[in-house]
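Survey of secondary and tertiary structure
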Amino acid sequence: MAAAKTVNVEESFDKIDKIIEELQSGELSLNESFKKYKEGMDLALSCSKEIEKIEGKVKVIEDSMNVKETGTADEDPGQFDD
């Protein structure tokens, strides 16, 4: 079984920038351009998925901080002001 490939978002963005430069150069054949375009789109999708995972982790941290501040995650901190 192949090992799961981890996405390094920064490296992927650098590769996408390079692909854009290559596509804009006008020096690639139509077939090469299509391959580069597909590679760039695959990288962008991988980055998007990785960013979504990180956003989920940030939300968990934020929610846990809310629990510490209010006592429960669903509790409205202002509900006891009466």
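Residues numbered from 1 in each chain as written. Predicted model: local features only at pLDDT ≥ 70, side-chain atom pairs only at ≥ 80, totals over all residues. Heavy atoms only, no water.

1. Observations regarding the overall build of the protein
What the protein contains, in helices and strands, is two helices and zero strands. Counting only residues that meet the buried cut, the protein has 12% of its 82 residues in that class. On the protein, roughly 7100 Å² of surface is accessible, and the fraction owed to carbon and sulfur atoms is 56%. (Helix = DSSP H or I, 4+ residues; strand = E, 2+ residues; numbered from the N terminus. Buried < 20%, exposed > 50% of the residue type's maximum accessible area, 1.4 Å probe, protein only. Areas by Shrake-Rupley, 256 points an atom, 1.4 Å probe, with all protein chains shown as cover.)

2. Concerning a negative patch on the surface
A cluster of acidic residues, E10, E11, D14, D17 and E21, forms a negative patch at the surface. Inspection of the secondary structure puts E11 in helix α1 (residues 9–25). Judged by its relative accessible area of 48%, E11 falls in the partly exposed class. (Patch = residues over 30% accessible without salt bridge, like charges linked within 9 Å, V, L, I, M, F, W, Y side chains within 5 Å. Salt bridge = Lys/Arg side-chain N within 4 Å of Asp/Glu carboxyl O. Lys, Arg positive; Asp, Glu negative; His and termini not counted. Charge placed at Lys NZ, Arg CZ, Asp CG, Glu CD.)

3. Let's talk about the packing of α1 against helix α2 (residues 30–70)
Helices that pack against each other are described as a pair by the angle of their axes relative to one another and the distance between those axes. Look at α1 against α2: their axes get within 9 Å of each other, and the N-to-C directions meet at 155°. The angle between α1 and α2 falls in the class roughly antiparallel. Note that α1 runs across α2; the crossing there is left-handed. On α2, the residues that touch V9, S12, F13, K15, I16, I19, E22 and L23 of α1 are S33, K36, Y37, E39, G40, L43, A44, C47, E50 and I51. Along the lines of polarity and charge, the residues of the contact of α1 with α2 split into ten nonpolar, three polar and five charged. (Axes fitted to C-alpha atoms, helices over the stretch in contact; angles between N-to-C directions. Parallel < 35°, antiparallel > 145°, perpendicular 65-115°, else oblique. Left-handed = near helix turned anticlockwise from the far one by under 90°. Contact = heavy atoms within 4.5 Å. Nonpolar A, V, L, I, M, F, W, Y, C, P; charged D, E, K, R; others polar.)

4. Regarding α1
With 17 residues, α1 ought to run about 24 Å at 1.5 Å a step, and its terminal C-alpha atoms sit 24 Å apart, in line with that. Taken together, the buried residues of α1 touch α2. One side-chain oxygen at the N-terminal end of α1 lies 3.1 Å from the backbone nitrogen of E10; it belongs to N8. In the segment just after α1, G26 is the residue with positive phi, at about 75°. (Expected span 1.5 Å × (residues − 1). Polar contact = N/O pair within 3.5 Å; in protein donor to acceptor, adjacent residues only side chain to side chain.)

5. Brief notes about the environment of I19
When you line up the elements, I19 lands in helix α1. Of the residues examined, I19 reaches a relative accessible area of 6% and is grouped as buried. With 20 residues separating them along the chain, I19 and E39 place their C-alpha atoms 8.2 Å apart. With sequence-adjacent residues up to four places away left out, I19 is seen in contact with K36, E39, G40 and L43.

These results come straight from atomic positions and should not be treated as a statement about function.
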